[in-house]
Amino acid sequence: MEMNLTGDRRYVKYLTAVGLLLLVALVVYLYPPVPQRFAYSFEQNRAWEHEDLSAPFDFLVPKTEDELQQDRLKARQSVSPRFREQPNMAEMQWNVLRSDTSMAGRTALFSLIRTKFDEVYQSGIIPASSMDTLQARAYTDILVEGVDTRSTQALYTPATAASHIRQELGPAYQRIYGAMDIARYLVPNLTYDSAATAEAVAAALSKVQTSRQEVREGQLIIRTNEVVDAEKYQVLSALRKVMLVDSKAASRSVLMVLSQFVLTCLLLLLFVLYLRLFRPMIMHQARSLLFLVIMMLGMTLLPALLMLSSHWSIYLIPFVILPIIVCVFFDAGTALMAHSVVILTVALMAQLSVDFLMIELIAGTFAVLTLKDFTDRSQLANTALWVFLSSAVVFTGLRIIEGHSFGNGAWHYYLYFGVSSLLLLLSYGLIYLFERAFGFMSSITLVELTNVNSNLMMRFAELAPGSFQHSVQVGNLATAAAKAVGANALLVRTGALYHDLGKMEHPEMFTENQQSGKNPLLEMPIEQAAQTVIRHVSDGIRIARKEKLPRHIIHFIETHHGTGKTKYFYITFKNQHPGVEPDEGMFTYPGPEPDTKETAILMMADAVEAASRSLQDMTEEKIGQLVERIIDGQIADGQFRKTPLTFSDIETIKHVLTQKIISINHHRIAYPEENKQPEPEQAGTVASAPVQGSGQADTVASDPVQNTEQADIAASAPVQNSGQADTAASAPVQNTEQADTAAETAADDDDDCRYIDIDEE
């Protein structure tokens, strides 16, 4: 069975490796071919600041938009409008006229009118609207049926044809047919053919040349310090467009594609080796690996999509979003490594300059340094500002080194940096989305969970006030220890705040919440009492899940006792039943054991804080011995075998916990009472009333709460040295829990009732 498991794991590793190689191949495939670079800046009417430039290859200089518009207008005007002719229209209209008019006895006039009809129809009659269009557009001729060219001057409209016939007939026509409107018999025989005309115009436009000249390879374009006039500006712009914009014309050889694939694989391998050597926990979490792959793949392919359009700059892409989000969920080292691999991959695939590498790598470093502990939204705005400033400063310095004048022709780059920095604000929403999608927990969420004014925390403090205060103190101890060994202090503080959440279910079962001094556990059978105490772990898990707390916090609840025992009940059982081996499962917490630095630190701090309450003599030596005994016992029980803690870390944690316990339980001085001397006239009264004597001893003894501040000090500070003997004597025992803890268990479990030594045979 174990062999199969090992084989399955190896199979998964192989699949993961193949999947990563396929992703690399996808990146290489999706990147468009990169054209040659045009590394010159220029402006019209300014001197050329670079070396002499000759044409690296043959290319065409396109016409300006105004030149193209003029050429197209000429092409349109060169096309004669197309008309269709209706044959026999003259004969048809003449027959209509003759049927409406009597021609008897007027043969000569009849022949003359018929001749004039034929003349105007032969020249062509067109609609009046068509004539207006021809005159407005200054057309000189038209083309009839695609073959017959006719001058527009010879064309008639019905009105002009009628006027022409009247003039030709003279007075005779006016005398005989004066009342007849001959224009209504003259119907156009030529009609405009829009389809044929549009086809002819399209053919003419297709012949318009878009280039004004051709530049041959090796031809000198411009010399150093020569002024870039309008003509040279057009030539330089044409060369830049060919080299930068027309990426579709570029191509990649098989050898180039193979080289890009191999180098990209090496970069990815570098990142995998980093995780394997320095972040093995990430390597064993499929969810974390999937998140990193998605983020890195997305930021690598985004420039490929941007390169499909020639109107956007690579500097508009907010590459720094990657290290920001990775740093929030993981750590600064992983964030910088992922960012470096992505930037190097993009520079390789898009053949970008060293300027791009320096700007983006330095900007990403500033982002990680300024956002290492992301606990406030305002930090993101500060990070965006630092990213903009670092990018602008590096870009300006590189331009000066390259010999460019400050800001000359580069203002738009600063605009790109500004837009890219503003886009970093989107990472706040992305953090929330990734947090929900992958089950991560950001420092922002941890800060929100440490709010003691939340409904859950207020309910916890109300139902189990002693357990709540214990949790707060454990959080303080664990935070200091976590900072000392480089663990996540905010995470361990949050876990400490919730670790005893299960005591809300039955708070009266735990000594820190018992006000009357009566312990119900002592009235139960030993096994039942032990299970009642142990159940606070499962109760806490159930409450945490109901409140939808993150799984990281629930893990603290699961592991804060590990697989330890409720030693009070375990020892009591063995003492009451000598020779009987107890069922250890009834007295053992279900676990699991701590498996991170943070959960181990919480276990130590929890046990040390609870046990420190039992000390009567709060000296540094006693506290140090207590801490040593507790933590060494946990080590002996194997509670920390799954954690990455070193011996040095444990010694550091012991020292920090000792110092913190000492500082928490520091001595306070007792405030003395003022001795009042009786006035002379009251001497007799004093003598007759000894209760009011100047020493006030009787008064203090009969009324110990005469001074509130003094009473609180006396109640909160145990009798630790002879200097406090009088204060302790004058103050009754006001802290039941302190009195009881003198007999509580000191080392292994804060939930035990009383500490009992076991008599071993």
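In the block above lies the structure referred to throughout.
What you see as residue numbers is a count from 1 along each chain, following the sequence as written. Confidence filtering applies because this is a predicted model: local features only for residues at pLDDT of at least 70, side-chain atom pairs given and counted only at 80 or more, and all residues used for totals across whole chains, interfaces and linings. Processing note: side-chain calculations cover all non-hydrogen atoms of the structure and skip hydrogens and water entirely.

Chemist: In this structure, what is going on with the overall build of the chain? I would like to understand it.
Modeler: Each helix corresponds to a stretch of at least 4 residues labelled H or I by DSSP, and each strand to a stretch of at least 2 residues labelled E; elements are numbered beginning at the N terminus. The secondary structure content of the chain amounts to 33 helices and eight strands. Across the 761 residues that make up the chain, the buried fraction comes to 42%. Two residues form a contact once any of their heavy atoms are found within 4.5 Å. Taking the contacts inside the chain whose residues are at least 6 apart along the sequence as the reference set, 76% of them involve residues at least 24 apart. Entry remark: accessible area of the chain is about 40900 Å², with carbon and sulfur atoms responsible for 56%. To sort residues, take the accessible area from a 1.4 Å probe on protein chains only and compare it with the maximum for the residue type: under 20% means buried, over 50% means exposed, and anything in between is partly exposed. Accessible surface is estimated by sampling points in the Shrake-Rupley manner with a 1.4 Å probe; for residues, cover comes only from the protein chains shown.

Chemist: Please clarify how the environment of R240 should be interpreted in this entry.
Modeler: In this structure, R240 sits in helix α9 (residues 230–245). Overall, R240 belongs to the partly exposed group, its relative accessible area being 30%. Counting along the chain gives 199 residues from R240 to S41, while the straight-line C-alpha distance between them is 9.8 Å.

Chemist: What exactly am I supposed to notice about the sheet that holds strand β5 (residues 148–151) here?
Modeler: Within a sheet, each strand pairs with its neighbour through backbone hydrogen bonds, oriented either parallel or antiparallel. Ordered by their spatial adjacency, four strands build an open sheet running β5-β4-β3-β6, and the pairing between neighbours is mixed. In the strand order of this sheet, the two ends are held by β5 and β6 (190–192), each with one partner. Across the sheet, the mean angle separating the axes of adjacent strands is 40° when strand polarity is ignored. Note: two strands are recorded as paired if DSSP finds a minimum of 2 bridges between them. Pairing geometry for strand β4 (residues 141–144) and β5, over four bridges, is antiparallel. By the bridge assignment, V144 is partnered in β5 with D148. Each axis is a line fitted through C-alpha atoms, and for a helix only the stretch in contact is used; angles between axes span 0 to 180 degrees, taken between their N-to-C directions.

Chemist: Looking at this structure, how should I read the packing of helix α2 (residues 65–77) against helix α8 (residues 194–206)?
Modeler: Packed helices, taken two at a time, are described by the angle their axes make and the gap between the axes. For the pair α2 and α8, the least separation of the axes is 9 Å and the interaxial angle reads 140°. Looking at the two axes, α2 sits oblique to α8. In terms of crossing hand, the pair formed by α2 and α8 is right-handed. Along its contact with α2, which presents R72, A75 and R76, the element α8 presents V201, A204 and L205. The residue classification treats Ala, Val, Leu, Ile, Met, Phe, Trp, Tyr, Cys and Pro as nonpolar and Asp, Glu, Lys and Arg as charged. All others, Gly included, are polar. Taken together, the residues of the contact of α2 with α8 sort by class into four nonpolar, no polar and two charged. For classification purposes, an angle smaller than 35 degrees is called roughly parallel, one larger than 145 roughly antiparallel, one from 65 to 115 roughly perpendicular, and anything else oblique. Crossings are assigned a handedness: left-handed for a near helix turned anticlockwise from the far helix by less than a right angle, right-handed for a clockwise turn.

Chemist: Is there a simple way to explain the packing of aromatic side chains in this structure?
Modeler: Two aromatic rings are characterised by how far apart their centres lie and by the angle between their planes. Pairing of aromatic rings covers Phe, Tyr and Trp, the last counted by its six-membered ring, and requires centre-to-centre distances within 6.5 Å; plane angles under 30 degrees mean stacked, over 60 mean edge-to-face, and any other angle means tilted. All told, the structure shown has 29 aromatic pairs when counted by the stated rule. Aromatic side chains Y315 and F417 sit 5.4 Å apart centroid to centroid with 80° between the ring planes, which places their arrangement in the edge-to-face category. Here F417 lies in helix α17 (residues 411–423) and Y315 lies in the loop between α12 (286–306) and α13 (321–329), a separation of 102 residues in the sequence. Members of the aromatic cluster, connected to one another through ring pairs, are Y315, F319, F356, F395, Y413, Y414, Y416 and F417.

Chemist: Would you mind showing me how to read the nonpolar core here?
Modeler: Most often, soluble globular proteins keep nonpolar side chains buried together rather than apart. Within this scheme, the nonpolar core is defined by two criteria: the residues are buried Ala, Val, Leu, Ile, Met, Phe, Trp, Tyr or Cys, and they are joined through side-chain atoms within 4.5 Å. With 70 residues, the main nonpolar core has Y498, L501, F569, I601 and L657 as its most contacted residues. One finds I343, V346, I359 and L398 within the second-largest nonpolar core, a separate group that totals 68 residues.

Chemist: What should I look at first to understand the pairing of strand β3 (residues 82–85) in this one?
Modeler: Every other side chain in a regular strand lies on the same face of the sheet, so the side chains alternate between the two faces. Pairing between β3 and β4: two bridges, direction parallel. From the neighbouring strand, R82 faces β4, where its bridge partner is L143. By the bridge criterion, three bridges tie β3 to β6 in an arrangement that is antiparallel. The residue bridging E85 from the neighbouring strand is L190, located in β6.

Chemist: Hey, could you run me through the pattern of salt bridges in this one?
Modeler: Close approach of charged atoms lets side chains of opposite charge pair. For this document, the term salt bridge refers to a Lys or Arg side-chain nitrogen within 4 Å of an Asp or Glu carboxyl oxygen. The full count for this structure, using the stated rule, is 27 salt bridges. The salt bridge involving R150 is made with D148; its shortest N-O contact spans 2.8 Å. Assessed through its relative accessible area of 31%, D148 is described here as partly exposed. Across the salt bridge formed by K597 and D649, the nearest N and O atoms sit 3.8 Å from each other. Linking K597 in helix α26 (residues 597–612) with D649 in helix α28 (residues 647–664), this pair joins segments that are 52 residues apart in sequence. Of the residues examined, D649 reaches a relative accessible area of 13% and is grouped as buried. Here the salt bridges share partners, and the residues they tie into one network are E628, D632, E651 and K654.

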